[in-house]
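What follows is the residue order along each chain.
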Amino acid sequence: MRRTYLGEFEEIVLLMVAILDGEAYGVTINQEIEQQTGRKVTFGTVHNTLIRLEEKGFLSSQLGGATTERGGRRKRIFTVTVLGSKALQEIQQLRNDLWQLLPAHLQLNGL
Amino acid sequence: MKKTGQHTPSPPRWAEQLLIWFHPAETLEEVQGDLEELFAGWYKERGIRYAGFKYFLSILSVTPPFVRKRKPKHQYHQPFLMHPAMIQNYFKIAYRSLQKNRLYSFINLTGLALGLGVAITLFWIVRFEYSFDNYHANADRIYRIASTDKFGEPQSHVPQGVIKTLSTQVPGIELAANLQGSMPGSVKVGTKVFNQKNIFYAPPQMLEMLDIEWIEGSPKQSLGAPGNVVLDEETAKKLFRDDAMGKTFRFDDTIDLTVSGIIKKVPANTEFPLQMIISRETFKQLQPEFKNENYFGGGDSMNQGFVLLKKGSSQQPINKILASLAQRHKDENTTTSYHLQPLSDMHFDTDKDAYNYSMPHWIIYTLASIGLFLIFIACINFINLATVQAIQRGREIAMRKVLGGGKGQLIGQFFGETAILVFSAIVLGSLLASKLIEYTPQLLGILVPKAEIWKISTFIFLFALGIVVTLLAGFYPALVLSKFEPIRALQNRLFIPVSKGISLRSTLVVLQFVIAQVLIICTILGIKQIRYFQEKDLGFAKSAVITVAMPDRGNNNLRERFTRSLSGHNEIKAVTYGLTTPASQRNHWWGVVKDARLPNGEETFRIQHVDTNYFNFFHISLLAGRGLTASDTTKDIRTGAENTPILINEKAAKDLGYIDMNKVLGQRLEIWGVKSTVVGVVKNYHSEGLKSKLMPHVYLYGSWNFQLASIRIDPTQKEAALKHIGAEWTSLFPNHYYDPKFLEDEISSFYESERNLSNFIKLFACIGIIIGSLGLFGLVSFVVTQRTKEIGVRKVLGATVPGIVTLLSRDFLKLVFIAFIIASPLAYYAMNRFLQEYTYKIDIEAWVFVLSGVISIGIALMTVSFQSIKAALMNPVKSLRTE
């Protein structure tokens, strides 16, 4: 299977969408990243990454129903696609495999 | 993110507006919502300032160029726009829609063809006028010497002394020459007498300066000796039929000339229409005063001066030398300054006496701007009709959009259709223009048709014109068309956008009629002014007068015989002789009168040599004193008598400071160095047409200079009179060409440029109103079709035919009326400025405006009512059944 390249930040965003499980949209992803990683990210970065991930086929999105909140404006809810979760799994698998290859003394010292 | 009931301030409006403006539309809604939520979070966290700052930063991060654009989920499959099948389709649809709306297509095509035809004609005219003398290889180095006299009047004469000094003493000058233009003369070859126009006396240098194609001979060989003459091919053929070189002819019954050179016919676009060039040496023999090459006096306005500068030398130092020359010789001449005038300016200088003709810049500008206006009117028609038609094509457009046609494709398609129409109109317009251009000599007095018309620049112009007009006419309809929403168009819910206030279409209609009405008003006033010129009493009787030239300046014996032989015929009433008639275009003689009584100590008087019965003949009345009598004829000015009797006119008397005309009698006056006594005062008359001021005149008997005979005939027997005069004249002057003229024709030629311009504006006004009416006709017929059902319902409910006609016509007539209100002051302003040029002019009366209003409203009414009456008379049963 052809591996699609996934950037580091893209990986984090993709993970966050998976974590938020149906609650993922611009605001929550943004806040979650700041809370969990302590990184300050601008909204535009998240926004662009989401669009890029969707283009690559790792995410799908649909507009939620209108609510009375936020001026009645709809949210775009993101979910991870099969391809997305496969990609995440592959990365994890790859990391695990690589960890296994570490020389024993390094492994014991916890690097 | 918890939501609390507590009130949070909303993000700053201006920042949000930035987002709305710049953020891509596809993701605007969600981003707006997200940011508002984030703003609330930040506010709770750190307060309003922090929130505002973060909010602004975030907005920047989602505006171009930072933001990524979300691609639409499903990209429509777009067929290749230039696929052969699509191109075929475009043409098919264009053809169908043109055919379906035959009326509109016809109106558009006619309007555009008329407007473009005129524009193309004007392009040819303007190109021709600006091409004058640009074909000479040294055109940028050739200059005419222009000058001004001490009365501030521009004058054309350049004394030989100036040329002599320039060519021998001034560095930077390659060639300098005098060119003497001459009145038409008689050429006798064998027994045949020809009238020859465009005769010039020139030294070889003059022809070296200009680009002239020599068939035989060269400037130096052919114009060096007395008796030499150079002919152009056409004249040579006219005079000799076969080879003319070396042949001899008799010129003006005074001298024999031998053909020493032949040149190709000069192009039409030259200020030097050289047909017969006689060597300057011959001129010196004919007029011995020109033997002195160093003179600085004199003043024949057809004796002009030209120079060719050396490569790289500039005109400033030469202008300086010319100024000092004028200063040094100010006592010998009235000229106070000379300066160089580039050859390219010469054609547009109306102050000079032209060998060919002069074209003032303002006429060109007026013509060109009217041409632009006509194109504009035609484009307005197109825009109006195309916009209303576009609505009918709503479904086609919707279908195209549904099947994947993009906005760009629709715009392209519409521009393509416009281009087809515009370029067909250009073809028709060119045909029209090539017919129209043939009439320019009559209409405008210019010779464009003699020049080549279909040059490369014409095609470039036509192409550029097509592109510009297509863009101008197609832009708005294409925009409207491509903006249609497919769903609404398919649901048939498209209406003509009824805009509040003033719609674009009404504005355009008003604009059209403003232009047309301004043209109408200007035409009426122009025609009135010209009629005024022709009908106003000039102060002398001009009707039924025939003039013939008296060769040899009226040799006394021959003149007596001519008078006697004419008096034998009943058709001829009277004969008189003089230098000229009271008013004529040419042959003005001037003399500077120095007298302490004159305001500036001196003034230029016009000198008129008259026979004893001259004033009686022309019904010019005397205000004081007596006319000239037979006893005065012996005291000719030339005999140097001390007491030459003269008459002056009222204007001269006033300038001399006399109010009581009787007091002038017996006063002494010195003219041309001869002491004379005023014996009578003549009432003022207009000697130079009504465009010029009254001139002071002095009249003296001078049989040596009676160059013209004026013959009053019985107007009912014109033919017989002309025949008798011709027979008598040719028997007396067998070696001269007989060329009788009617005085009235000559006087009306004073106003030629006005008449030419008014002819052209008349044509423009007609075309303007035709195009405007065509457009109105189209609009009305569209509205009528749109409102067919409404009219049916109204009729069923009892509306009368006049009621419906009024209903349909009112709106359009209102527009024409508004146009009238706007056009009147514009036309008033324009004509007021135009008429200010004239001392004698018509008043701009209200009825002219009323008339033009009535004309245009009448035409509009006719146009509109034709369609609306047809609609109103329609059987409601039929109209309600439509669709």
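Note: the structure precedes this text.
Every value quoted in this text rests on a predicted model; they were computed, and no experiment measured them. (Residues numbered from 1 in each chain as written. Chains lettered and ligands numbered in written order. Predicted model: local features only at pLDDT ≥ 70, side-chain atom pairs only at ≥ 80, totals over all residues. Heavy atoms only, no water.)

Visitor: What am I meant to see in the overall build of chain A here?
Guide: Within chain A one finds five helices and two strands. Moving toward the C terminus, one meets the helices and strands of chain A in the order α-α-α-β-β-α-α. Against the globule reference of 13 Å for 111 residues, chain A gives a C-alpha radius of gyration of 17 Å, more extended than a compact globule. Oriented by its inertia axes, the alpha-carbon framework of chain A measures out at about 60 × 35 × 20 Å. A total of 111 residues make up chain A; the buried ones form 39% of that total. Of the roughly 6500 Å² of accessible surface on chain A, 53% is carried by carbon and sulfur atoms. (Helix = DSSP H or I, 4+ residues; strand = E, 2+ residues; numbered from the N terminus. Rg over C-alpha atoms; globule rule 2.2 N^0.38 Å. Buried < 20%, exposed > 50% of the residue type's maximum accessible area, 1.4 Å probe, protein only. Areas by Shrake-Rupley, 256 points an atom, 1.4 Å probe, with all protein chains shown as cover.)

Visitor: I keep staring at the overall build of chain B and nothing clicks. Help me out?
Guide: Counting its secondary structure elements, chain B contains 30 helices and 24 strands. In summary, chain B has a C-alpha radius of gyration of 38 Å against a globular reference of 29 Å for 883 residues, an excess of more than 25%. Its C-alpha atoms give chain B principal-axis dimensions of about 125 × 75 × 65 Å. Sorting the 883 residues of chain B into buried and exposed places 52% on the buried side. The contacts of chain B with a sequence gap of at least 6 include a subset with a gap of at least 24, amounting to 80%. Accessible surface, chain B as shown: approximately 41600 Å² in total, 58% of it carbon and sulfur. Charged side chains in chain B number 95 positive and 74 negative. The centres of these two groups are separated by 12 Å. (Contact = heavy atoms within 4.5 Å. Lys, Arg positive; Asp, Glu negative; His and termini not counted. Charge placed at Lys NZ, Arg CZ, Asp CG, Glu CD.)

Visitor: Mind showing me how you'd approach the environment of B:Ser710 here?
Guide: Residue and element names in this part refer to chain B. Take Ser-710: it is sitting in strand β23 (residues 708-713). Residue classification places Ser-710 among the buried positions, given a relative accessible area of 2%. Taking the C-alpha atoms as reference, Ser-710 lies 4.5 Å from Thr-547; in sequence the two are 163 residues apart. The residues contacting Ser-710, other than those within four sequence positions of it, are Val-545, Ile-546, Thr-547, Ala-574, Val-575, Thr-576, Thr-581, Phe-617 and Phe-618.

Visitor: Sorry if this is basic, but what is going on with the interface of chain A and chain B here?
Guide: Facing the 25 residues of chain A at the interface are 26 residues of chain B. Together chain A and chain B conceal approximately 2300 Å² of surface at their shared face, both sides included; 47% is due to carbon and sulfur atoms. On the chain A side of the contact with chain B, A:Phe43, A:Arg70 and A:Arg73 bury the most area, a combined 27% of that side's loss. The tally of links from chain A across to chain B stands at five salt bridges. Across the pair B:Glu30 and A:Arg76 runs a salt bridge whose closest N-O atoms are separated by 2.7 Å. Where chain A packs against chain B, one counts ten residue pairs in polar contact (both at pLDDT 80 or more). Secondary structure elements with two or more residues in the side of chain A that touches chain B: α2 (26-37), α3 (43-56) and β1 (59-63) of chain A. With eight residues, α3(A) is the largest single contributor of residues to the side of chain A that touches chain B. (Buried area = accessible area lost by both parts, 1.4 Å probe. Salt bridge = Lys/Arg side-chain N within 4 Å of Asp/Glu carboxyl O. Polar contact = N/O pair within 3.5 Å; in protein donor to acceptor, adjacent residues only side chain to side chain.)

Visitor: Got a minute to help me understand the packing of helix α26 (residues 752-786) of chain B against helix α29 (residues 846-873) of chain B in this structure?
Guide: A pair of packed helices can be characterised by two numbers: the angle between their axes and the separation between those axes. All names here are of chain B. Contact geometry for α26 and α29: axes closest at 9 Å, N-to-C directions at 25°. When the axes of α26 and α29 are compared, the pair comes out roughly parallel. When the axes of α26 and α29 are compared, the crossing they make is right-handed. For the pair α26 and α29, the contacting residues are Ile-769, Ser-773, Leu-776, Phe-777, Val-780, Ser-781 and Val-784 in the first and Ser-856, Ile-859, Ala-860, Thr-863, Val-864, Phe-866, Gln-867, Ser-868 and Ala-871 in the second. (Axes fitted to C-alpha atoms, helices over the stretch in contact; angles between N-to-C directions. Parallel < 35°, antiparallel > 145°, perpendicular 65-115°, else oblique. Left-handed = near helix turned anticlockwise from the far one by under 90°.)

Visitor: For this particular structure, what's the right way to read the environment of B:Ala478?
Guide: All names here are of chain B. Relative to the elements of secondary structure, Ala-478 occurs in helix α17 (residues 456-482). According to the relative accessible area criterion, Ala-478 is buried, its value standing at 1%. Taking the C-alpha atoms as reference, Ala-478 lies 73 Å from Tyr-614; in sequence the two are 136 residues apart. When sequence neighbours within four positions are dropped, the list of residues in contact with Ala-478 reads Ile-411, Phe-414 and Phe-415.

Visitor: Before we go on, may I ask you to explain the packing of aromatic side chains in this structure?
Guide: Given two aromatic rings, their pairing is described by the distance between the two centres and the angle made by the two planes. All names here are of chain B. What the rule picks out here adds up to 31 aromatic pairs over all chains. Seen in terms of ring centroids, Trp-729 and Tyr-738 are 5.6 Å apart; in terms of plane orientation they differ by 40°. Their pairing is tilted. Through pairs of rings, three or more aromatic residues link up here, namely Phe-540, Tyr-614, Phe-615, Phe-617, Phe-618, Tyr-685 and Tyr-699. In this arrangement the basic side chain of Arg-559 is found over the ring face of Tyr-577, its NZ or CZ atom lying 5.6 Å from the centre. (Phe/Tyr/Trp six-rings, centres within 6.5 Å; stacked < 30°, edge-to-face > 60°. Lys NZ or Arg CZ within 6 Å of the ring centre and 35° of its normal.)

Visitor: Please clarify how helix α20 (residues 556-567) of chain B should be interpreted in this entry.
Guide: Residues spaced three or four apart along an α-helix point in a common direction, a consequence of the helix completing one turn every 3.6 residues. A rise of 1.5 Å per residue sets the reference length of α20(B), with its twelve residues, at 16 Å; its end C-alpha atoms lie 17 Å apart and thus fit the reference within 8%. Close packing links the buried residues of α20(B) with β14 (545-549), β15 (572-578), β23 and α24 (718-732) of chain B. (Expected span 1.5 Å × (residues − 1).)

Visitor: Explain the nonpolar core here, please?
Guide: A general feature of soluble globular proteins is that nonpolar side chains tend to end up buried together. All names here are of chain B. Phe-540, Phe-562, Ile-711, Ile-725 and Phe-764 are the most contacted members of the largest nonpolar core, which has 148 residues in total. Here this core takes 16 residues from α26, the largest share from any one element. If sequence neighbours within four positions are ignored, Ile-725 has contacts with Ile-546, Val-548, Phe-562, Leu-566, Ile-572, Ile-711, Ile-713 and Tyr-738. Grouped together as the second largest cluster of nonpolar side chains are 25 residues, Ala-139, Met-206, Met-209 and Leu-308 included. (Core = buried A, V, L, I, M, F, W, Y, C linked by side-chain atoms within 4.5 Å.)

Visitor: Looking at this model, I keep getting lost on the sheet that holds β15(B). Mind explaining?
Guide: Residues and elements named next belong to chain B. One open sheet holds the four strands; their spatial order is β15-β23-β14-β24, and the pairing between them is antiparallel. Because the sheet does not close on itself, it has two edges, and the strands there are β15 and β24 (741-742). Where α24 meets the sheet, it contacts β14, β15, β23 and β24, and its direction lies at approximately 20° from that of β14. (Pairing = 2+ DSSP bridges.)

Visitor: Can you help me understand a nonpolar patch on the surface in this one?
Guide: Residue and element names in this part refer to chain B. Residues Met-399, Val-402, Leu-403 and Leu-490 make up a contiguous nonpolar surface patch of roughly 390 Å² in combined accessible area. The topology assignment puts Met-399 in helix α14 (residues 394-402). For Met-399, a relative accessible area of 43% corresponds to the partly exposed category. (Patch = residues over 30% accessible without salt bridge, like charges linked within 9 Å, V, L, I, M, F, W, Y side chains within 5 Å.)

Visitor: Looking at this structure, I do not really get the pairing of strand β1 (residues 142-149) of chain B. What am I missing?
Guide: Looking down a regular strand, the side chains alternate between one sheet face and the other. Residues and elements named next belong to chain B. In terms of residue burial, β1 counts as a mostly covered element, since seven of its eight residues are buried. As defined by bridge partners, β1 adjoins strand β12 (residues 303-309) across three bridges and the pair is classed as antiparallel. Within β12, the position partnered with Arg-144 by the bridge is Phe-306. Sheet analysis places β1 next to strand β13 (residues 335-342), joined by seven bridges and oriented antiparallel. Bridge pairing links Ser-147 to Tyr-338 in β13. Two strands pair when backbone bridges link them, and β1 and strand β2 (residues 154-155) are joined in this way by two bridges, in the antiparallel orientation. Following the sheet pairing, Thr-148 is matched in β2 by Pro-154. In textbook terms, the turn of a hairpin is the stretch between consecutive antiparallel strands, and for β1 and β2 this stretch comprises four residues, one of which, Gly-152, has a positive phi near 80°.

Visitor: What exactly am I supposed to notice about the packing of helix α1 (residues 13-22) of chain B against helix α2 (residues 28-46) of chain B here?
Guide: Residue and element names in this part refer to chain B. The interhelical angle for the contact between α1 and α2, taken along N-to-C directions, is 160°, at an axis separation of 10 Å. Relative to α2, the element α1 is oriented roughly antiparallel. The handedness of the crossing between α1 and α2 is right-handed. On α2, the residues touching Glu-16, Leu-19 and Ile-20 of α1 are Leu-28, Val-31, Gln-32 and Leu-35. Looking at the contact of α1 with α2 residue by residue, the class counts come to five nonpolar, one polar and one charged. (Nonpolar A, V, L, I, M, F, W, Y, C, P; charged D, E, K, R; others polar.)

Visitor: I would appreciate a short explanation of the pattern of salt bridges in the present structure.
Guide: When the charged atoms of two side chains lie near each other, side chains of opposite charge can form a pair. Under the definition given, this model contains 28 salt bridges over all chains. A:Glu8 is the salt-bridge partner of A:Arg39, the closest N and O atoms lying 3.2 Å from each other. A residue pair is termed long-range when its members are at least 10 positions apart, and A:Arg39 in the loop between α2 and α3 and A:Glu8 in helix α1 (residues 8-20) qualify at 31 residues. The class of A:Arg39 is partly exposed, set by a relative accessible area of 33%. Judged by its relative accessible area of 49%, A:Glu8 falls in the partly exposed class. Across the pair B:Glu29 and A:Arg74 runs a salt bridge, and its minimum N-O distance is 3.0 Å. Residue B:Glu29 is located in helix α2, and its partner A:Arg74 is located in the loop between β1 and β2 (76-80); the two belong to separate chains. Accessibility expressed as a relative area gives 27% for B:Glu29, which makes it partly exposed.

Visitor: So what exactly am I meant to see when it comes to α17(B) here?
Guide: Over its 27 residues, α17(B) runs 37 Å from end to end, which matches the ideal 39 Å to within 8%, given 1.5 Å per residue. In α17(B), a bend of some 45° at B:Gly474 exceeds every other bend along the element, and B:Pro477, a proline, comes one to four places later. (Bend = angle between axes of the 7 residues up to and from the residue.)

Read these as spatial facts, not as claims about activity.
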